[in-house]
Structure formats: structure tokens, C-alpha cells
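Here is how the chains run, residue by residue.
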Amino acid sequence: MKITLTDPDGVKFDLETLLIDEVNGGIFTDIVLTTKEHVQCKESASFVMARIIASKFGGKYDD
């Protein structure tokens, strides 16, 4: 399942959760993909993790 995130420049993008290998917090959240590529987003690491869990286990969340 895809989740929608915002890059540091404010542009929305979709990211396939199956490609996410690691999520690290900071000023911008750093997401490491299974390809070892790094993607940054404005959303917090806990926000990203909540979306990943909801997408994998069918949970619901508020935008």
C-alpha cells in the first residue's frame, strides 16, 4: 500500500510501504528504502510509522 508524504520543499509524494526498510527521526524524517536509497519527508518518524502499521494491518488513522 502507498502512503502520501511531503518532501522538504513541500511537494506531496506517494511511497510504497513495502519499499521502506528503516525510518529515522530528525529535523526531517529520513526513510531508507530496501534499495538503500534515502528519502526525506516533513512528517515525523512516528507519523510515518503509524501510517506503515495502518497500511500493513488495516488500521485506520486520521489525516
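Provided above is the structure to which this section pertains.
Residues numbered from 1 in each chain as written. Predicted model: local features only at pLDDT ≥ 70, side-chain atom pairs only at ≥ 80, totals over all residues. Heavy atoms only, no water.

A separate point is the overall build of the protein. For the protein, the count of helices and strands is one helix and five strands. In terms of overall dimensions, the protein is globule-like: its C-alpha atoms have a radius of gyration of 11 Å, near the 11 Å expected for 63 residues. The principal-axis extent of the C-alpha atoms belonging to the protein is close to 30 × 25 × 20 Å. The buried share among the 63 residues of the protein stands at 37%. Across the protein, every contact between residues at least 6 apart in sequence was considered, and the portion connecting residues at least 24 apart equals 30%. Counting every atom, the protein has about 4200 Å² of accessible surface; 54% of that belongs to carbon and sulfur. (Helix = DSSP H or I, 4+ residues; strand = E, 2+ residues; numbered from the N terminus. Rg over C-alpha atoms; globule rule 2.2 N^0.38 Å. Buried < 20%, exposed > 50% of the residue type's maximum accessible area, 1.4 Å probe, protein only. Contact = heavy atoms within 4.5 Å. Areas by Shrake-Rupley, 256 points an atom, 1.4 Å probe, with all protein chains shown as cover.)

On the surface, Met-49, Ile-53 and Phe-57 cluster together into a nonpolar patch covering about 330 Å² of accessible area. Mapping Met-49 onto the fold places it in helix α1 (residues 45–57). (Patch = residues over 30% accessible without salt bridge, like charges linked within 9 Å, V, L, I, M, F, W, Y side chains within 5 Å. Salt bridge = Lys/Arg side-chain N within 4 Å of Asp/Glu carboxyl O.)

Let us now look at the sheet that holds strand β4 (residues 29–33). Strand order in this open sheet of three strands is β3-β4-β5, and the pairing throughout is antiparallel. Whereas interior strands pair on both sides, the edge strands pair on one side only; in this sheet they are β3 (20–24) and β5 (38–41). This sheet shows a mean twist of 25° between the axes of neighbouring strands, independent of strand direction. Along the sheet face, α1 touches β3, β4 and β5 and points at about 150° away from the line of β3. (Pairing = 2+ DSSP bridges. Axes fitted to C-alpha atoms, helices over the stretch in contact; angles between N-to-C directions.)

Next up on the list: the side chain of Thr-6. In this structure, Thr-6 sits in strand β1 (residues 2–6). Filtering out sequence-adjacent residues up to four positions away, Thr-6 remains in contact with Val-11, Lys-12, Phe-13, Gln-40, Cys-41, Lys-42 and Glu-43.

So, about the pairing of β4. For β4, the buried fraction is high: five of the five residues fall into the buried class. Side chains of β4 alternate between two faces, with Thr-29, Ile-31 and Leu-33 and Asp-30 and Val-32 buried alike. The pairing of β3 with β4 spans four bridges and is antiparallel. Following the sheet pairing, Asn-24 is matched in β4 by Asp-30. The hairpin formed by β3 and β4 contains four residues between the paired strands. As judged from the four bridges shared by β4 and β5, these two strands associate in the antiparallel manner. Across the sheet, the residue bridging to Val-32 is His-38, located in β5. Taken together, β4 and the strand that follows it, β5, pair antiparallel across an intervening segment of four residues, in which Lys-36 is found at a positive phi of about 75°.

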